[in-house]
Amino acid sequence: MELLLVLGLPLIGTLILAIAGARRYAAEVNIGISFMTLIFASFLVLRIIRSGPLLVWHEQFFVDSFNVFLVALTAFVGMTTAVFSRPYMHIEEDHGKLSAKRLRLYHSMYQLFMFAMLLALLTNNMGLVWVAMEAATLSTVLLVSLYRTKASLEAAWKYFILCGVGIAQALFGTILLYFAAEHTLGRQGMTALLWTHLNAVKTELEPTVLGLAFVFLLVGYGTKVGLAPLHNWLPDAHAEGPTPVSAVLSGLLLNVALYAVVRCKVLAVGSIGSLIPSRMMMAFGLLSALLGAFFLWRQHDIKRLFGYSSIEHMGIITFAFGLGGPIANFAALLHMTVHSLTKSSIFFTAGHASQTAGTQQVDGIRGLAEINPTVGWGLMLGSLAILGMPPFGVFASEFLILTTAMREHPWATPFLLIALGVAFAGIFIKVQPMVFGESDAPKLPHSPALVPVFVHLALVLTLGLYIPPALAEWYRAAARLIG
């Protein structure tokens, strides 16, 4: 029942908001559906903790410690983003950027996007994972183009074309995966793509075919993760789409795509019997971290700036999953959590900073700490958190990844340190004048819409100081499942 409601509520919400999404109460409906999804996701978490992995509906849906953790994170950030978007999108409407019809499109596509991500996480069928990722792509293309400006339409088409090419590679990889499964499991139709079946016989799968399948799956889903050099769509989509869309793109969609890569990596390593898939993930991760960090210095748009920060951090997480082992996997899961919470909070403040200054250009945003202290301090604390300053949780996860790399792959440590150092300087040198620079603009009242920012940052701070034993055991169980 919990699984049915976690998937069913966003789908029902899509239909309701497609009809009533232009009404003034549509934002409240969006929040209510997102809140109920979070409640039932929490019940699903409790069931998995009590009873262990869940396999239901003719084995088409599978829930374990790994994906239920991401389901809870997705539902939570989806709910807080819905809360943030209510006043933010009304301000955009008052400024003439959106009409009632576009708000209806936004609300309905938001719930469809949530459904697609939750479906990708909960399904046991690798073919259905691909379908869900394609649905997430199509819904977010419409969200990115919501403003209908020349720049937003260009960004949406760029996103659609590049991710379309990537998802086509993932489709070919899925076909090869089916071919490898059919060779071992026989002709079972779509059941041959069930991850639990594949995982049970992964040592018997044809290694050459599965190795080739993993290459296509890594490139295909890696495009959605934003791994370099497949990342070109991400900064434009973040810069030109509405701020709530940037928050869920960076905080949720990238995690879901990486989840699919990790599931495929488990099969590939078990079949090939070597660490080649792990080394590929490490290489893509390091390249993404380095390129993302250096490109930060060239950015003049606040949302593009933090878009490249997402590329850097997804590279670090991919590298950690490539390292493998209990500590690196634990650190990668922790970094997934704190990155999602921190980056979504940063986009919330960046959106309000842009509305306050009337521009997204970094040079045009000054003195936020004086004009609107809530926005200014939210942006500064979020930036310090994402840069890995202690005692925030990002520091803890990056420290674990660095120490594991120093022990197991010393050659990779300098690259990680360079990426972290360059990113720190690149972001801090731009954020500091935005928050503490001189400005003649009048002071603005505190905005209650930024409550989710400080809720997220409080959680990130807590995870840096203390991880509750139950949560730590949850991470350890998920790390063991990954291998």
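In this text the structure is predicted, and so the values were computed from the model without any measurement. For every chain, the first residue of the written sequence is number 1, and numbering continues from 1 along that sequence. Local features in a predicted model are, by the rule used here, given only for residues with pLDDT of at least 70; side-chain atom pairs are given and counted only at 80 or more, and totals for whole chains, interfaces and linings are based on all residues. Side-chain measures here rest on the full set of heavy atoms in the structure, leaving out hydrogens and waters.

### Observations concerning the overall build of the chain
What counts is decided by this rule: Segments assigned H or I by DSSP are reported as helices when at least four residues long, segments assigned E as strands when at least two residues long, and all are numbered from the N terminus. It is over C-alpha atoms that the radius of gyration is taken, and the globule rule equals 2.2 Å times the number of residues to the power 0.38. The cut-offs for exposure are 20% and 50% of the maximum accessible area for each residue type, with area from a 1.4 Å probe on protein chains only; residues under the lower value are buried, those over the upper are exposed, and the others partly exposed. Residue contacts are defined here by distance: any two heavy atoms, one from each residue, within 4.5 Å place the two residues in contact. In short, Shrake-Rupley with a 1.4 Å probe defines the accessible areas, and a residue's cover is counted only from the protein chains shown.
Scanning the chain for helices and strands turns up 19 helices and 2 strands. Compactness check: the chain gives a C-alpha radius of gyration of 21 Å against a globular reference of 23 Å for 483 residues, within 12% of the reference. Dimensions of the chain along its principal axes, counting C-alpha atoms only, are 70 × 55 × 45 Å. Put simply, the chain has 483 residues, and 61% of those count as buried. Partitioning the intrachain contacts of the chain with sequence separation of at least 6 by distance along the chain shows that 80% fall at a separation of at least 24. Split by element, the accessible area of the chain, about 17,500 Å² in all, is 70% carbon and sulfur.

### What to know about helix 4 (residues 100-122)
Definition in use: The span one expects for a helix is its residue count, reduced by one, times 1.5 Å.
With 23 residues, helix 4 ought to run about 33 Å at 1.5 Å a step, and its terminal C-alpha atoms sit 33 Å apart, in line with that. Within helix 4, 17 of the 23 residues are buried, which leaves the element mostly enclosed by the surrounding structure.

### Focus on the packing of helix 4 against helix 5 (residues 126-144)
Selection rule: To obtain each axis, a line is fitted to C-alpha atoms, and for helices this fit is confined to the stretch in contact; angles are then taken between N-to-C directions over 0 to 180 degrees. For classification, angles of less than 35 degrees are called roughly parallel, those exceeding 145 degrees roughly antiparallel, those between 65 and 115 degrees roughly perpendicular, and all remaining angles oblique. With the far helix as reference, a near helix turned anticlockwise by less than a right angle produces a left-handed crossing, and one turned clockwise produces a right-handed crossing. In the scheme used here, Gly and all other residues not listed as nonpolar or charged are polar, with Ala, Val, Leu, Ile, Met, Phe, Trp, Tyr, Cys and Pro taken as nonpolar and Asp, Glu, Lys and Arg as charged.
Contact geometry for helix 4 and helix 5: axes closest at 8 Å, N-to-C directions at 160°. Judged on the interaxial angle alone, helix 5 and helix 4 are roughly antiparallel. The two elements helix 4 and helix 5 meet at a crossing, and its hand is left-handed. Contacts from Leu105, Tyr106, Met109, Tyr110, Leu112, Phe113, Ala116, Leu119 and Ala120 of helix 4 reach helix 5 at Leu128, Val129, Ala132, Met133, Ala135, Ala136, Ser139, Thr140, Leu142 and Leu143. Here the contact of helix 4 with helix 5 is composed, by residue class, of 17 nonpolar, 2 polar and no charged.

### Quick word on the packing of helix 10 (residues 243-272) against helix 11 (residues 276-296)
Contact geometry for helix 10 and helix 11: axes closest at 8 Å, N-to-C directions at 145°. Along the contact surface, helix 10 presents Leu258, Val261, Val262, Lys265, Ala268, Val269 and Ile272, while helix 11 presents Pro277, Ser278 and Met281. Considering only residue class, the contact of helix 10 with helix 11 consists of 8 nonpolar, 1 polar and 1 charged.

### A look at the nonpolar core
Note that soluble globular proteins tend to have their nonpolar side chains buried in a common cluster. For clarity, the cut-off: Working definition of a nonpolar core: buried Ala, Val, Leu, Ile, Met, Phe, Trp, Tyr and Cys residues. They are joined through side-chain atoms within 4.5 Å.
Grouped together as the largest cluster of nonpolar side chains are 173 residues, with contacts concentrated most on Tyr221, Leu258 and Phe321. In terms of residues, this core owes the most to one element, helix 10, which gives 18 residues. If we skip the residues at most four places from it in the chain, Leu258 touches Val225, Met281, Met314, Ile317, Thr318, Phe321 and Met336.

### Some points on helix 15 (residues 373-386)
In this model helix 15 runs 19 Å from its N-terminal to its C-terminal C-alpha over 14 residues, within 8% of the 20 Å that 1.5 Å per residue would give. The element helix 15 is largely enclosed, with a buried count of 11 among its 14 residues. Within the sequence span of helix 15, burial applies to Thr374, Val375, Gly376, Gly378, Leu379, Met380, Gly382, Ser383, Leu384, Ala385 and Ile386. Where helix 15 is buried, its residues contact helix 12 (302-323), helix 13 (325-357), helix 14 (368-371), helix 16 (393-408), helix 17 (413-436) and helix 18 (451-465). Once helix 15 finishes, Gly388 follows within two positions and takes phi at roughly 85°, a positive value.

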